[in-house]
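# Per-entry structural report
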Amino acid sequence: MRDTVVIVGGGKMGAGIACCAALAGNRTVIIDITQENAERGQINAAKNIDEVAQAGLYTTEQAEQAKALLAGDTELARYRDSASMVIEAIFENLPLKQNKFKELDKIFPAEVPICSNTSGLRITDISALCEKHVERTVTTHFWFPGHLVPLVEVVVGDRTDIEVAKAVKATLNSWGKAAVLVKRDLPGQLANRILQAVIRESVNIVEIGLADPEDVDTAVKMGMGIRFPVWGPLEHIDAARLDLCQNVQRTVLPEISARQDPSPVFAKHVDKGEIGYESGKGIYDWSVKDMDELAKNRNDFIIYARKFMMERGLL
Ligand SMILES: NC(=O)c1ccc[n+]([C@@H]2O[C@H](COP(=O)([O-])OP(=O)(O)OC[C@H]3O[C@@H](n4cnc5c(N)ncnc54)[C@H](O)[C@@H]3O)[C@@H](O)[C@H]2O)c1
């Protein structure tokens, strides 16, 4: 019986994905290079399960059942006959992923979808060495933190069977995720293309001195951002009238950034070693700003929004 989700790579994302798979009632095994790594992934997946249960998204009973479905291992071949799907979440390195996909393609029969959690690589390139059933390879890009953010981008590669991608999308939706189908294998998938457009203009506004970083972040968080969980940009233009939005584009588009290379704002900071929170300084000075508090607020808000959407049947 094919009842096991096989997650390859038990790091930050592997543990988040394992949490989602187990809470959906699947036997879930994390495969890593060493048993110690696999078990660390399993422990972190269990912590994620406890976090979402304590937040009230699942009952204690559901959490206990999910934790009992988790395992850690190093032997992929042991799951040849029980795997329902495989999700790879190893390091973001193309040759490493290509070799892993070649191995996965050899081990698992044709009916098992083989998915990559890559954030930036093309599934077409990741599956380039697959010789048996490349048509069942697809990207499933869970957004970080994987156990909290609903979005998963399912990207169709040049040689992916669209029906496999649609079936994977349906499976992820049945787990309670918000899976979207990305029909072509282009850089940025879907959501990162939009995020990069927002980042490009945010950095541009700082660069031209139109507003300070705090005010840019406040404008995004308290304006469009607070509406976005229930009010998408395309729904917005229909509500606002297309002819009005057409006029706004005529006026605003010539004024905003259309640059094709990274803004010099990045080089200005990076050249001084100011790479952000990790070095203590980036756009902000992190000696006077608290990243832990920021991340806690982010996670608490996501949980709050997810509860709202579950109550309204939106998720
Ligand atoms: N961290 C994020 O915000 C984020 C978000 C979305 C997608 N991703 C993508 O998810 C993937 C994993 O990222 P992460 O942040 O979880 O990485 P990570 O470094 O936290 O974990 C990677 C894990 O893979 C294991 N691993 C490496 N090579 C392996 C192999 N050959 N076989 C089995 N296990 C192996 C490592 O031991 C480690 O436990 C990457 O492709 C990354 O780009 C990351």
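Refer to the preceding data block for the structure.
### Thoughts on empty space enclosed by the protein
- Applying the stated rule across the entire model yields one cavity of 30 Å³ or more.
- The volume enclosed by the largest cavity comes to roughly 80 Å³.
- Forming the boundary of the largest cavity are Cys19, Cys20, Leu23, Val52, Tyr58, His147, Trp175, Gly176, Lys177 and Arg306.
- If you tally residues by element for the lining of the largest cavity, the top one is helix H1 (residues 12-23), at three residues.
- Residue classes in the lining of the largest cavity are distributed as six nonpolar, two polar and two charged.

### Some details on the site of the ligand
- Residues in contact with the ligand amount to 23 residues; listed here are only the nearest, Met13, Asp32, Glu92, Lys97 and Ser119.
- Contacts to the ligand include Lys12, whose backbone N or O atom sits 3.0 Å from an oxygen atom.
- Ser119 places a polar side-chain atom, nitrogen or oxygen, 2.5 Å from an oxygen atom of the ligand.
- Notes on the ligand: free accessible area 840 Å², of which the protein chains cover 82%.
- Among the elements of the structure, H1, helix H2 (35-54), helix H4 (94-107) and strand E6 (137-142) are those that each provide at least two residues to the shell around the ligand.
- With three residues, the top contributor of residues to the shell around the ligand is H4.
- A per-class count over the shell around the ligand returns nine nonpolar, eight polar and six charged.

### Here's the deal with a nonpolar patch on the surface
- Together, Leu244, Val248, Val252, Leu253 and Ile256 give the surface a local cluster of nonpolar side chains, amounting to about 390 Å² of exposed area.
- Following the sequence through the fold, Val252 ends up in helix H10 (residues 242-252).
- We classify Val252 as partly exposed; its relative accessible area is 37%.

### A closer look at the layout of surface pockets
- Looking at the second largest pocket, its volume works out to about 1100 Å³.
- In this structure, the second largest pocket is lined by 29 residues; those nearest its centre are Val198, Met224, Pro233, Gln249 and Ile256.
- Contributing elements (two or more residues each) for the lining of the second largest pocket: helix H7 (191-207), helix H8 (213-227), helix H9 (233-240) and H10.
- Taken together, the residues of the lining of the second largest pocket break down into 20 nonpolar, six polar and three charged.

Conventions we followed
Residues numbered from 1 in each chain as written. Predicted model: local features only at pLDDT ≥ 70, side-chain atom pairs only at ≥ 80, totals over all residues. Heavy atoms only, no water. 1 Å grid on protein atoms, 1.4 Å probe; cavity = no way out; pocket = protein on both sides within 12 Å on 5 of 7 lines; lining within 4 Å. Points joined across faces, edges and corners; volume = space filled by probe spheres on them. Helix = DSSP H or I, 4+ residues; strand = E, 2+ residues; numbered from the N terminus. Nonpolar A, V, L, I, M, F, W, Y, C, P; charged D, E, K, R; others polar. Near = heavy atom within 4 Å. Polar contact = N/O pair within 3.5 Å; in protein donor to acceptor, adjacent residues only side chain to side chain. Areas by Shrake-Rupley, 256 points an atom, 1.4 Å probe, with all protein chains shown as cover. Patch = residues over 30% accessible without salt bridge, like charges linked within 9 Å, V, L, I, M, F, W, Y side chains within 5 Å. Salt bridge = Lys/Arg side-chain N within 4 Å of Asp/Glu carboxyl O. Buried < 20%, exposed > 50% of the residue type's maximum accessible area, 1.4 Å probe, protein only.

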